[in-house]
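Tertiary structure, described
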Amino acid sequence: MEVINTDLAVIGGGTAGCIAAYEAKKAGLDVVILEKAGIKRSGCLAPGVNAIYSYLHEGDSPEDYVKWVEFQGMGLLRRDLTHSMISESRYAVSVLENYGLIADGGRQGRFGLRITGESIKPILADIARENAEIIEHCYAFRLASDSSGVKGVYAYDLRNNEVFFVRAKATLIATGGCSGLYKPYTVPWYPPCNAGTGYALAIRAGAEITSFEIRFIPIRIKDINSPIGVTAVGFKAPLRSAEGEEFMKTKYGEFGGESAPIAIRAYGPMKEIMEGRFPVYIDTRGLTQEQVESLIRLYLNGWPIFLLFLKARQIDPSAEPLEVQPCEPYITGSHTIAGIWVDESRMTTVPYLLAAGDAAGGVPLKHVGGALAEGVIAARTAAMLKNSLDFQPDEPELAFDGECDAGDVEKRMQYVLDCYAGGMSRFYYYSEQSVRRAILEVERLRSISLKGKPIRCFEVTDRLEVARVMLYHMLERRETRMPPFQMRSDYPEFSDSKYFLNSVTTDGAISLLRRDAA
């Protein structure tokens with residue numbers, strides 16, 4: 001088995017991982033990036049993006065941003081992480097601008113910076129190539145540790161079918177969040193390649209996990225899952241029921257109406273659909289042709305399928321509203337507080353193991369700019385660590401010829417979670433009885449040996465690991481705290497509790513604990 005020595009092993013070549021390589025190299029570290037795909041178009045920003053969200057403009061203060069995030073997160077956030085993250089956003093974005101990213105300086109929403117961002121991932125890939133050794137088409141499947149902390153990571157070469165080991169002084173999880181837990185109804189919104197690998201690695205290493213019960217359920221343009229934020233925020237288009245009512249204004253004024261927190265903006269349309277007042281639309285009627293062309297250009301920078309959708313359906317947004325609906329749930333630290341528990345330095349509860357971007361929890365709505373900033377912070381922390389490189393890895397035995405096809409197991413998991421753990425078919429509601437049924441099913445699926453392509457076996461194993469922890473979190477939070485992200489049919493009253501629900505997995509047993517929001 002090949003062993004590679006480095007100062008910093010970065011698992012994931014996405015937004016946080018690429019810029020972490022830059023900052024770590026600047027501090028004098030050798031860096032190895034492990035990337036499951038090809039780094040030029042991998043991760044959440046693969047198709048591009050039309051704005052750097054979580055960006056501090058001139059005249060804004062970190063405190064302004066913290067207050068805004070606290071509102072969006074309905075009072076649940078880590079203020080320390082939020083403040084330290086936003087304080088680094090301008091610097092992080094300036095690195096990309098030096099490499100060719102075009103930003104026009106205009107706002108998109110309260111804390112977004114409008115950019116020409118179709119090429120943002122190739123730019124990040126260029127940054128990574130210049131500052132790190134990149135090993136593409138490999139799967140990180142296990143962290144190695146001893147009594148002092150994490151010592152490196154085992155990975156599987158997907159092309160040569162060989163295991164290798166990266167021995168590192170520090171290891172950064174920057175793998176993104178988790179899609180594919182629930183049965184998708186159309187094109188996934190979150191990248192389907194994001195299998196929750198970083199979460200699973202952290203769980204198996206005994207790191208503390210936070211808020212997996214608070215899933216992200218975005219409201220999207222129906223059938224193509226395109227984000228609606230650019231339309232709602234950039235062009236002030238309201239949501240309407242089939243009856244023409246601007247229901248966010250009339251029914252959710254106490255939450256801010258059209259500017260309500262992200263969870264409530266999904267809950268409102270969900271209720272309209274559940275109670276029969278559908279289709280639900282985002283009303284683009286009245287936009288000028290110039291505005292429509294501007295809207296299309298913005299989508300081409302981040303969700304190019306939008307233009308094909310308009311052409312195929314022969315939709316003119318200025319004359320016809322766009323139908324919307326919430327989609328299947330995801331777990332991602334970019335939009336909710338779910339993720340790996342970290343301190344202000346982005347260190348997890350396991351020594352020498354860091355997490356950044358969607359993999360790290362605690363800050364809702366930190367996507368893009370937040371991932372960049374956290375990658376910078378984590379790299380600076382890695383530069384201060386004094387771990388040794390004397391760990392001797394064993395050679396793990398892997399098999400991909402088990403009793404059941406990995407794809408079939410995944411489909412069963414998705415069906416079970418959709419039915420019993422608050423999926424689309426149940427309007428995101430679940431109860432103690434339904435979650436207990438889901439736990440029994442998931443535990444059975446975890447006991448099955450898988451067969452198939454190695455990447456599919458690894459991904460399904462990781463998704464099942466994440467699903468199991470998520471279900472125990474869902475069982476423990478006996479309230480409705482953030483509908484529809486976390487919503488119990490047996491505890492329907494809205495709660496304003498101020499705690500994080502965390503867990504630690506030790507020898508397969510899950511222990512749950514509470515931490516105060518701070």
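Above this text is the structure in question.
So, a few notes on the structure that sits alongside this text. (Residues numbered from 1 in each chain as written. Predicted model: local features only at pLDDT ≥ 70, side-chain atom pairs only at ≥ 80, totals over all residues. Heavy atoms only, no water.)

Things to note about the overall build of the protein chain
The secondary structure content of the protein chain amounts to 15 helices and 21 strands. The globule rule puts the C-alpha radius of gyration for 518 residues at 24 Å, and the 22 Å found for the protein chain is close to it. If one aligns the C-alpha atoms of the protein chain with their principal axes, the spans along those axes are about 65 × 55 × 45 Å. The burial tally for the protein chain puts 61% of its 518 residues in the buried class. Of the contacts formed within the protein chain by residues at least 6 apart in sequence, a portion of 74% connects residues at least 24 apart. On the protein chain, roughly 19,000 Å² of surface is accessible, and the fraction owed to carbon and sulfur atoms is 49%. (Helix = DSSP H or I, 4+ residues; strand = E, 2+ residues; numbered from the N terminus. Rg over C-alpha atoms; globule rule 2.2 N^0.38 Å. Buried < 20%, exposed > 50% of the residue type's maximum accessible area, 1.4 Å probe, protein only. Contact = heavy atoms within 4.5 Å. Areas by Shrake-Rupley, 256 points an atom, 1.4 Å probe, with all protein chains shown as cover.)

Topic: empty space enclosed by the protein
In this structure the tally under the stated criterion is 1 cavity of 30 Å³ or more. Estimates place the volume of the largest cavity at around 40 Å³. Surrounding the largest cavity, Q72, G73, I214, I262, H335, T336, I337, P364, M482 and F485 form its lining. Tallied by class, the residues present in the lining of the largest cavity amount to 6 nonpolar, 4 polar and no charged. (1 Å grid on protein atoms, 1.4 Å probe; cavity = no way out; pocket = protein on both sides within 12 Å on 5 of 7 lines; lining within 4 Å. Points joined across faces, edges and corners; volume = space filled by probe spheres on them. Nonpolar A, V, L, I, M, F, W, Y, C, P; charged D, E, K, R; others polar.)

Some thoughts on the packing of aromatic side chains
Evaluation of the coordinates by the stated rule reveals 23 aromatic pairs. When the centroid spacing of 5.3 Å and the interplanar angle of 65 degrees are considered together, the rings of W189 and F216 count as edge-to-face. In this pair, W189 is assigned in the loop between β9 (162–173) and α6 (197–204) and F216 in the loop between β10 (209–210) and β11 (219–221), connecting sequence segments 27 residues apart. Like W189, the residue F216 is buried in the burial classification. Residues Y252 and Y267 carry aromatic rings whose centres are separated by 6.2 Å and whose planes lie at 85 degrees to one another, so their mutual orientation is edge-to-face. Taken together, the residues Y252 in the loop between α8 (247–251) and α9 (262–274) and Y267 in helix α9 connect sequence positions 15 residues apart. Here Y252 and Y267 have matching classes, each one buried. Aromatic rings pair up to connect Y139, F141, Y154, Y156, F165, F391, F400 and F458 into one cluster. Its end group placed over the ring of W341, R78 keeps NZ or CZ at 4.3 Å from the ring centre. (Phe/Tyr/Trp six-rings, centres within 6.5 Å; stacked < 30°, edge-to-face > 60°. Lys NZ or Arg CZ within 6 Å of the ring centre and 35° of its normal.)

Examining the pattern of salt bridges
Under the definition given, this model contains 43 salt bridges. Here E272 and K251 are joined by a salt bridge, their closest N and O atoms 2.8 Å apart. Taken as a pair, E272 in helix α9 and K251 in helix α8 lie far apart in primary sequence, 21 residues in all. The class of E272 is buried, set by a relative accessible area of 0%. (Salt bridge = Lys/Arg side-chain N within 4 Å of Asp/Glu carboxyl O.)

Quick word on the layout of surface pockets
There is about 460 Å³ of room inside the second largest pocket. Residue lining of the second largest pocket: 20 residues in total, with R204, L450, C457, F458 and T461 positioned closest to the centre. Breaking the lining of the second largest pocket down by element, the ones donating at least two residues are β7 (138–146), α14 (432–446) and α15 (454–476). When residues of the lining of the second largest pocket are assigned to their parent elements, the largest contribution, 6 residues, is made by α15.

Side note on the side chain of D60
Inspection of the secondary structure puts D60 in the loop between β3 (51–53) and α2 (62–72). Within the structure, D60 has its side chain in polar contact with the side chain of R107 (distance 3.0 Å). Among residues more than four places away in sequence, those in contact with D60 are R107, R110 and F111. (Polar contact = N/O pair within 3.5 Å; in protein donor to acceptor, adjacent residues only side chain to side chain.)

Comments concerning a nonpolar patch on the surface
Taken together, the side chains of V187, I305 and L308 present a nonpolar region at the surface, about 240 Å² in accessible area. Along the chain, I305 falls in helix α11 (residues 305–313). Judged by its relative accessible area of 32%, I305 falls in the partly exposed class. (Patch = residues over 30% accessible without salt bridge, like charges linked within 9 Å, V, L, I, M, F, W, Y side chains within 5 Å.)

Considerations on the sheet that holds strand β20 (residues 499–506)
If you walk across this open sheet you meet the 4 strands as β16-β10-β20-β21, and the pairing is antiparallel. Each having just a single partner strand, β16 (339–340) and β21 (509–516) make up the two edges of the open sheet. Strand direction decides the pairing type here: β10 and β16, joined by 2 bridges, are antiparallel. Paired with I209 across the two strands is I340, which belongs to β16. (Pairing = 2+ DSSP bridges.)

Digging into the packing of helix α1 (residues 15–26) against helix α5 (residues 120–131)
The axes of two packed helices give the description: the angle between them and the distance between them. Put simply, α1 and α5 touch, their axes get as near as 8 Å, and they point 35 degrees apart. When the axes of α1 and α5 are compared, the crossing they make is left-handed. Here T15, C18, A21, Y22 and K25 of α1 come into contact with α5, specifically with K121, L124, A125, I127, A128 and N131. Each residue belonging to the contact of α1 with α5 can be placed in one class, and the counts come to 7 nonpolar, 2 polar and 2 charged. (Axes fitted to C-alpha atoms, helices over the stretch in contact; angles between N-to-C directions. Left-handed = near helix turned anticlockwise from the far one by under 90°.)

Regarding the environment of F111
Assignment of secondary structure puts F111 in the loop between β4 (102–107) and β5 (112–116). The spacing of F111 and T505 is 394 residues in sequence and 36 Å in space, taken between C-alpha atoms. If near-sequence neighbours (up to four positions away) are discounted, F111 is found in contact with I52, Y53, S54, Y55, L56, H57, D60, D64, Y65 and W68.

A short note on the environment of I120
Within the secondary structure, I120 sits in helix α5. Judged by relative accessible area, I120 falls into the buried class, the value being 0%. For the pair formed by I120 and Y53, sequence separation is 67 residues and the distance between their alpha carbons is 13 Å. Leaving out residues up to four positions away in the same chain, I120 has contacts with L45, G48, V49, I52, L96, L101 and I115.

Focus: the pairing of β21
Sheet topology places β20 next to β21; 8 bridges connect them, and they run antiparallel. Along β21, the bridge assignment pairs L501 with R514. Counting the residues in the hairpin turn of β20 and β21 gives 2 residues, including D507, whose phi is positive at 50 degrees.

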